[in-house]
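Spelled out, the chains give:
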Amino acid sequence: MLQLTGFLMNFCISFSLALYFHSGEREEKCIIEDVPSDTLVIGRYLSMLHDQDFLESAPGLGMFVTVTTPAAEVLLSKLYGPQGTFSFTSYLSGEHVICLQSNSTRFVAFAGSQLRIHLDIRVGEHFLDESVVQAKDKVNEVNFRLEHLIEQIHHISKEQNYEREREEKFRKTSEETNSNILWWAIVQTLILISIGIWQIKSLRDFFISKKLV
C-alpha cells in the first residue's frame, strides 16, 4: 500500500496536468489529442478500483490502449498492465484518438465497482533523467541539458508551425464562407428583383385585361 501511495504522490506531483475518469467493466473511454506531425506523445496511466475507497487493482487486470490517427488508421494497439506508460510518434497533423479499455475480468471481481483511471498525456516532451545527469561530469551535464533544451526548442517551433497551418486553414475557410455568403446575397437580391418585376408585369397585364388602364 505504501508503494501505491508513493506512486500516487509522484504521479500527482510530476503530472500536475493529469486527469482522471471512471470506467466500468470493459468500457472504452477515449480522449482526443491535437498533435503536430512527427511528434512524440507519451502517456502514463494508473487504474484503481473505486468502491467507496480507492483500492489497488488486482493482478490480472489490464488496460488495452488504442491510438487512432486522423486518417482513422490504428497507430498503437497494445495490452498493458493496471499501470503503465505508452508512447507513439505521430506522422500526421491533427486529432489523434487515444482510447483505454479494461480487459476481461475473469480474474478480477468488480463487484459493482468502477475503475478510476488517472491519465497524463505529454506531447512532444522527452523526460530529462536526473539520475543520468548526475552520473555525468559537469561538461557532459551541460551538453546533456543543452541537447534537451534544443529538443524543447524544436518542439516549440514545430508547435508554432502547426498553429500557423491551422490558422491559415481557418483563414481560407473563413474567406470561402464569406465569399459564399456574398454570392448567396447577390443571388437572393436577383431573385427578389426578378419576383418584383414579375409581379409588376402580372399586375399590369391584369389591369390591361380588365381595361382598367
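Residues numbered from 1 in each chain as written. Predicted model: local features only at pLDDT ≥ 70, side-chain atom pairs only at ≥ 80, totals over all residues. Heavy atoms only, no water.

The name given to the protein in an unreviewed UniProt entry is GOLD domain-containing protein, with Buteo japonicus as the source organism. The UniProt entry for the protein carries the following comment under Sequence similarities (unreviewed entry): "Belongs to the EMP24/GP25L family." (UniProt positions renumbered as here; feature names shortened; annotations may be inferred.)

Under the counting rule described, the total for this entry stands at two aromatic pairs. Aromatic side chains Y45 and Y80 sit 6.5 Å apart centroid to centroid with 80° between the ring planes, which places their arrangement in the edge-to-face category. You can see Y45 sitting in strand β3 (residues 40-50) and its partner Y80 sitting in strand β6 (residues 74-80), a full 35 residues away along the chain. Using a relative accessible area of 16% as the deciding quantity, one classes Y80 as buried. Considering the side-chain rings of Y80 and F86, the 6.4 Å spacing of their centres and the 50° angle between planes classify their relative orientation as tilted. Each member of the pair, Y80 as well as F86, is classed as buried. Three or more aromatic residues joined by ring pairs form one cluster here, namely Y45, Y80 and F86. (Phe/Tyr/Trp six-rings, centres within 6.5 Å; stacked < 30°, edge-to-face > 60°. Helix = DSSP H or I, 4+ residues; strand = E, 2+ residues; numbered from the N terminus. Buried < 20%, exposed > 50% of the residue type's maximum accessible area, 1.4 Å probe, protein only.)

Moving on: the pairing of strand β8 (residues 94-102). As judged from the eight bridges shared by strand β2 (residues 28-35) and β8, these two strands associate in the antiparallel manner. Residue D34 lies in a different strand from β8, and its bridge partner there is E95. As paired strands, strand β5 (residues 63-68) and β8 are joined by six bridges and run antiparallel to one another. By the bridge assignment, V65 is partnered in β8 with L100. (Pairing = 2+ DSSP bridges.)

Counted under the stated rule, the structure contains seven salt bridges. For K29, the salt bridge goes to E27, with nearest N and O atoms at 3.8 Å. A salt bridge links R171 to E168; the shortest N-O distance between them is 2.4 Å. Residue R171 and its partner E168 are located together in helix α3 (residues 138-209), separated by three residues, close to a single helical turn. Relative accessible area serves as the criterion here: at 38%, R171 is assigned to the partly exposed category. Overlapping salt bridges bring together D34, E163 and R166 as one network. (Salt bridge = Lys/Arg side-chain N within 4 Å of Asp/Glu carboxyl O.)

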